[in-house]
Structure formats: C-alpha cells, structure tokens
Amino acid sequence: QKEVEQDPGPLSVPEGAIVSLNCTYSNSAFQYFMWYRQYSRKGPELLMYTYSSGNKEDGRFTAQVDKSSKYISLFIRDSQPSDSATYLCAMMRGARTSGTYKYIFGTGTRLKVLA
Amino acid sequence: DSGVTQTPKHLITATGQRVTLRCSPRSGDLSVYWYQQSLDQGLQFLIQYYNGEERAKGNILERFSAQQFPDLHSELNLSSLELGDSALYFCASSVASTTTDTQYFGPGTRLTVL
C-alpha cells in the first residue's frame, strides 16, 4: 500500500463548479500537508500549506485536513478553465531543519474545467 | 517564472552513460532540492542541500549524486543510466531550511535514456 493515495482522474467539470480533490494517507506521523498545482510541461507550484487538522482558506481555494480519518481535501470554488492542471497533494513528517524529514507526494489528479 | 533555472531542458542519452543536470536557485535562496517525476512513480524527493551541505536524503539511488557549489548552484549527477531513469528532473529552491519554507520549482530537465 502506498503511503499517499490520490485518484489520478481525469476529473472534468463545467466552469463555475465546485471541485473537490482528495488524498488519503496511511502514516499518522505526517504533520504538514500541501497542495501543488502543476500545469503541463511546468514545475509544480505550491497552492496551500496546512499544519495539523482543520481548514485553511485562500481566495477560491480551501484546504481541509482530517487527521483522524487520514484524509485531506482541496476545494476550488467557482472553477475556471485556467484551473485546468494536475493537482498533487504532498505530506511531510519529521523536521526539515534536522534532515530527518520525509516528503511524499501523491500521484496527482488531472483536472479539466470546461468553458 | 519561478526564478529557478535548470539546464539543459532536454537530454537524450544511452544506457550506461553519465549525465549532469544543473540548477540555479532563486536569488537569495540557500536551499536546493532535487526531485524525479516519472509516470509510474510520480514526484519523488531525491535530496536537499542547504548552503553547500547535504541536509536531507530521500529516495536517491546510489548511482546518483549531487552537490551544491559556493555560488549556490547545484548539480545532479546520474551515472550508469538505465531505461528506468528516464523522467523529468526538477530542482526547487527555498530561502532557508525550515519546515514552513515555500519551495519554488524550476521548469525541469527531461531525461530520455535509450
């Protein structure tokens, strides 16, 4: 079983829809949770960063972490064609300053927002 | 444009060969990270350098090595290449080395091993 599971999609939605992207994980030691967006032929860019359980909102994006269920979500409101990209979840455990951390990415979900 | 540059953009080589990928971090960033992205494995963290010193290792093979130079650019050396090493290799940089640092990714180097 992979440490982080993510549905590869593709997920097609009409413009203006609310998009829900999800990841599950198996290791309860993960403490930091991130969502990246990757456009075709580009490097990933960080969208959201959360620590521990709860919600975090940034514009049209909301990241949600449920540590008890080992489940994280990214919601995109009022989706736009420009949101069409691959979305990767990422999780980290350990301390980056000490070099003992582990950084795991999901395989990514391809999202297509239709105009 | 993230400010991170990577060269070359594309590299085609044969099995058994050795290649060097180069990364220049954003101005002011001290940390450099290397990642491998392939269709079957997804994005995998390889190694991190901070101000010239190795800081953390991920899933980096023994055939691979990296270094960060005094001017903070970094090189990833891949040797005894195998078909399975064909992938996109990304470099990222961040200001420091703390957990909350945002990493900025470069455009990647696409390596094809024939």
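Placed above this text is the structure.
Given the structure is predicted, the values throughout are model-derived calculations rather than measurements. (Residues numbered from 1 in each chain as written. Chains lettered and ligands numbered in written order. Predicted model: local features only at pLDDT ≥ 70, side-chain atom pairs only at ≥ 80, totals over all residues. Heavy atoms only, no water.)

1. A short note on the nonpolar core
Reasoning step 1: Core analysis: the largest hydrophobic core is formed by 25 residues, its most contacted members being A:Val4, A:Trp35, A:Ile72, A:Leu74, A:Ile76, A:Tyr87 and A:Met91.
Reasoning step 2: In this view, A:Ile76 contacts A:Ala17, A:Ile18, A:Val19, A:Leu21, A:Arg60, A:Phe61, A:Asp83, A:Tyr87 and A:Leu111; residues no more than four positions away in its chain are not counted.
Reasoning step 3: With 20 residues, the next largest nonpolar core counts B:Val19, B:Ile60, B:Ala66 and B:Leu78 among its residues. (Core = buried A, V, L, I, M, F, W, Y, C linked by side-chain atoms within 4.5 Å. Buried < 20%, exposed > 50% of the residue type's maximum accessible area, 1.4 Å probe, protein only. Contact = heavy atoms within 4.5 Å.)

2. Remarks on the sheet that holds strand β8 (residues 71-76) of chain A
Paired through backbone hydrogen bonds, the strands of a sheet run either parallel or antiparallel to each other.
Residues and elements named next belong to chain A.
Reasoning step 1: Taken together, five strands build an open sheet; the order of strands is β1-β3-β8-β7-β6 and the sheet is antiparallel. Each edge of the open sheet is held by one strand with a lone partner, namely β1 (4-6) and β6 (54-58). The sheet shows a mean angle of 15° between the axes of neighbouring strands, direction not considered.
Reasoning step 2: Direction of pairing for strand β7 (residues 61-66) relative to β8: antiparallel, over a ladder of six bridges. Each bridged residue has a counterpart across the sheet, and for Asp66 the counterpart in β8 is Tyr71. (Pairing = 2+ DSSP bridges. Helix = DSSP H or I, 4+ residues; strand = E, 2+ residues; numbered from the N terminus. Axes fitted to C-alpha atoms, helices over the stretch in contact; angles between N-to-C directions.)

3. Things to note about the environment of B:Cys23
Residues and elements named next belong to chain B.
Reasoning step 1: Note that Cys23 resides in strand β3 (residues 19-24).
Reasoning step 2: Its relative accessible area of 0% is what places Cys23 among the buried residues.
Reasoning step 3: Remark: the alpha-carbon pair of Cys23 and Ser94, spanning 71 residues in sequence, is separated by 13 Å.
Reasoning step 4: Not counting residues up to four positions away in its chain, the partners in contact with Cys23 are Val4, Thr5, Gln6, Val32, Trp34, His73, Ser74 and Cys91.

4. Let's talk about the side chain of A:Thr109
All names here are of chain A.
Reasoning step 1: Mapped onto the elements of the fold, Thr109 is located in strand β11 (residues 109-114).
Reasoning step 2: Judged by its relative accessible area of 6%, Thr109 falls in the buried class.
Reasoning step 3: At a separation of 2.4 Å, a polar atom in the side chain of Thr109 contacts the main-chain carbonyl oxygen of Asp7.
Reasoning step 4: Every residue in contact with Thr109, bar those within four places of it in the chain, is listed here: Gln6, Asp7, Pro8, Gly9, Leu11, Leu21, Ala85, Thr86 and Tyr87. (Polar contact = N/O pair within 3.5 Å; in protein donor to acceptor, adjacent residues only side chain to side chain.)

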